[in-house]
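Each chain is listed here by its residues.
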Amino acid sequence: MSTQPVVIVGSGLAGYTVAREFRKLDTQTPVVVLSRDHGGFYSKPMLSNAFAQKKSADSLLMKEAATMASDLNAEIRPHSTVTAINPQLKQLSVNGEVLQYSKLVLALGADTIRLPLQGDGADDVLSVNDLDDYRRFREAVDGKKDIAILGAGLIGCEFANDLIGSGYQVDVVDLAPQLLGRLLPPESAAYIQRKLEGEGVVFHLGTTTQLVEKAGAQYKLKLANGESLVADLVLSAVGLKPRTALAASAGIKTNRGIVVNTLLQTNFEDIYALGDCAEVEGRVLPFVMPIMQAARALAPTLTGHATPVKYPAMPVAVKTPACLTVVSPPDAGAQGEWKVEGGVDGVNAQFHHKNGQLLGFALMGAAVGEKSKLTQQLPAIL
Amino acid sequence: MKVWQCLVCSFIYDEAKGDPEHGIKPGTKWEDVPMDWSCPDCGVAKADFDMVEV
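A quick note: this is a predicted structure, and the numbers were derived from the prediction, not measured.

Novice: How should the sheet that holds strand β8 (residues 97-100) of chain A be read in this particular structure?
Specialist: In sheet architecture, strand pairing relies on hydrogen bonds along the backbone and comes in two forms, parallel and antiparallel. Residue and element names in this part refer to chain A. Pairing in this open sheet of three strands is antiparallel, and the strands run β6-β7-β8 from one edge to the other. The outermost strands of the open sheet, each flanked by one partner alone, are β6 (82-86) and β8. Each strand of the sheet is rotated relative to its neighbour by a mean of 25 degrees, with strand direction disregarded. The pairing of β6 with strand β7 (residues 91-94) spans four bridges and is antiparallel. Note on β7: the bridge partner recorded for A84 is S93.

Right under this line is the structure:
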């Protein structure tokens, strides 16, 4: 009997890194990677800071699917949509055909959250969640001037900095009273806000966009606080939602993400999940470093050597050149308080438990140099 | 001295500056950075993703 393949659903960083790590350990077992899109390899984090570097969608594509297939000795199936999983029979429905697996890895990623907007321009609001989105965005933004960004989180701030640096006029709207809401104490948020405002970004905080309507070649936005804005293009960056529907419909346990243990295993023995779609021991961490850690643990597990994932402290760099920023947010619900030391050239914010243990930090400007020293003091996450 | 950029997260490795916090002395050429060094921002290992010259 021939060996059934390890099937990886998803060709983002998570899917391809698992394939690569697996191949280092096992050169024989067939590997199939199913991709909803073209299956080419690119860097998702660069999508929100590629503009100032004048990178086209084509130049961001590092390797096409065929190259990945030969590099990984794997079968890559582009434009393949999985419509159902049958865990009992270990089968997938892919583009209407049945595919048998020995082990299944779900690296499905996340969808962008869309605000419930009214108005005839709501459907024209763009979001950039993959390379094809980036291509559409680049085409749409060409020759335009005024960009409205919905969301002042990490991606919204990175886009704002990237676009303002490329000569655009940028307005940013967020319901939160501050930038990077969940990652920063208010003093740090005020600092990065001043830096971005210094570049020309205009923020509308503590309010939300209710309506986007067409106004000639432009769009008119109505905000909940009564303000209105005119923009040539509206970009939504209000957050990500793990893709769980496929798993849930197969009886795989989901919560915020696909629920997995430290082996990245779902409630079915041979089905695993990692990356932006996964909730590992209660944590959804849509960043690169957790993906690398997860992929390196999952590969030996797939070969039969159960290896729990370990998460060290994993600071995240916010790619806003106007204000260098590195954050390692404390766990939601962590007991303690922020202590913020600010100067003209940076802000050093540290979150300590009352017993003195450092639990998180947010470093800006010159304070970024403290990153390594402080990271060593942080407890491991898992 | 050249400047390199991580393909995954766009971290800049400047040969002139090195990465002293992780044991890479200033002036270390990219080719001399050990294969087990990983990008301090995203954790991608040198062995897995080569950097591009910028």
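Novice: Is there a simple way to explain the interface of chain A and chain B in this structure?
Specialist: In many reports, interface size means the accessible area that the parts give up when they come together. Counting residues at the interface gives 22 residues for chain A, matched by 16 residues for chain B. Surface buried jointly by chain A and chain B totals about 1500 Å² across both partners, of which 51% is contributed by carbon and sulfur atoms. The largest per-residue losses of area from chain A upon contact with chain B belong to M46, M289 and S372 of chain A, which jointly make up 25% of the total buried on that side. Applying the counting criterion to the chain A and chain B interface returns one salt bridge. Between D41 of chain B and K371 of chain A there is a salt bridge whose closest N-O contact spans 3.1 Å. Where the side of chain A that touches chain B is concerned, the elements lending two or more residues are α1 (13-25), α8 (288-302) and α9 (371-377) of chain A. Here the residues of the side of chain A that touches chain B sort into 10 nonpolar, five polar and seven charged.

Novice: Whenever I open this one, the confidence of the model for chain B confuses me. Can you help?
Specialist: For any part of a model where pLDDT is low, the fine detail of the predicted coordinates should not be relied upon. Residues and elements named next belong to chain B. Taken residue by residue, chain B gives an average pLDDT of 86. The fraction at 70 or more is 94%. Within chain B, the lowest mean pLDDT, 74, falls on strand β3 (residues 52-53), and the highest, 89, falls on strand β2 (residues 12-14). Across the interface, the model reports ipTM at 0.81; the global pTM reads 0.95.

Novice: Sorry if this is basic, but what is going on with the nonpolar core here?
Specialist: Buried together is how nonpolar side chains tend to be arranged in soluble globular proteins. Residues and elements named next belong to chain A. One finds I85, L92 and L106 to be the most contacted residues of the largest nonpolar core, which totals 72 residues. Ranked by residue count, the leading element in this core is α8, at 10 residues. Here I85 is in contact with Q91, L92, Y101, L104, L106, L246, A250, I252 and I271, once residues within four sequence places are set aside. Of all hydrophobic cores here, the second largest spans 45 residues; its members include L47, F137, L196 and M364.

Reading the values: rules and limits
- Residues numbered from 1 in each chain as written.
- Chains lettered and ligands numbered in written order.
- Predicted model: local features only at pLDDT ≥ 70, side-chain atom pairs only at ≥ 80, totals over all residues.
- Heavy atoms only, no water.
- Pairing = 2+ DSSP bridges.
- Helix = DSSP H or I, 4+ residues; strand = E, 2+ residues; numbered from the N terminus.
- Axes fitted to C-alpha atoms, helices over the stretch in contact; angles between N-to-C directions.
- Contact = heavy atoms within 4.5 Å.
- Buried area = accessible area lost by both parts, 1.4 Å probe.
- Salt bridge = Lys/Arg side-chain N within 4 Å of Asp/Glu carboxyl O.
- Nonpolar A, V, L, I, M, F, W, Y, C, P; charged D, E, K, R; others polar.
- pLDDT = per-residue confidence, 0-100.
- Core = buried A, V, L, I, M, F, W, Y, C linked by side-chain atoms within 4.5 Å.
- Buried < 20%, exposed > 50% of the residue type's maximum accessible area, 1.4 Å probe, protein only.

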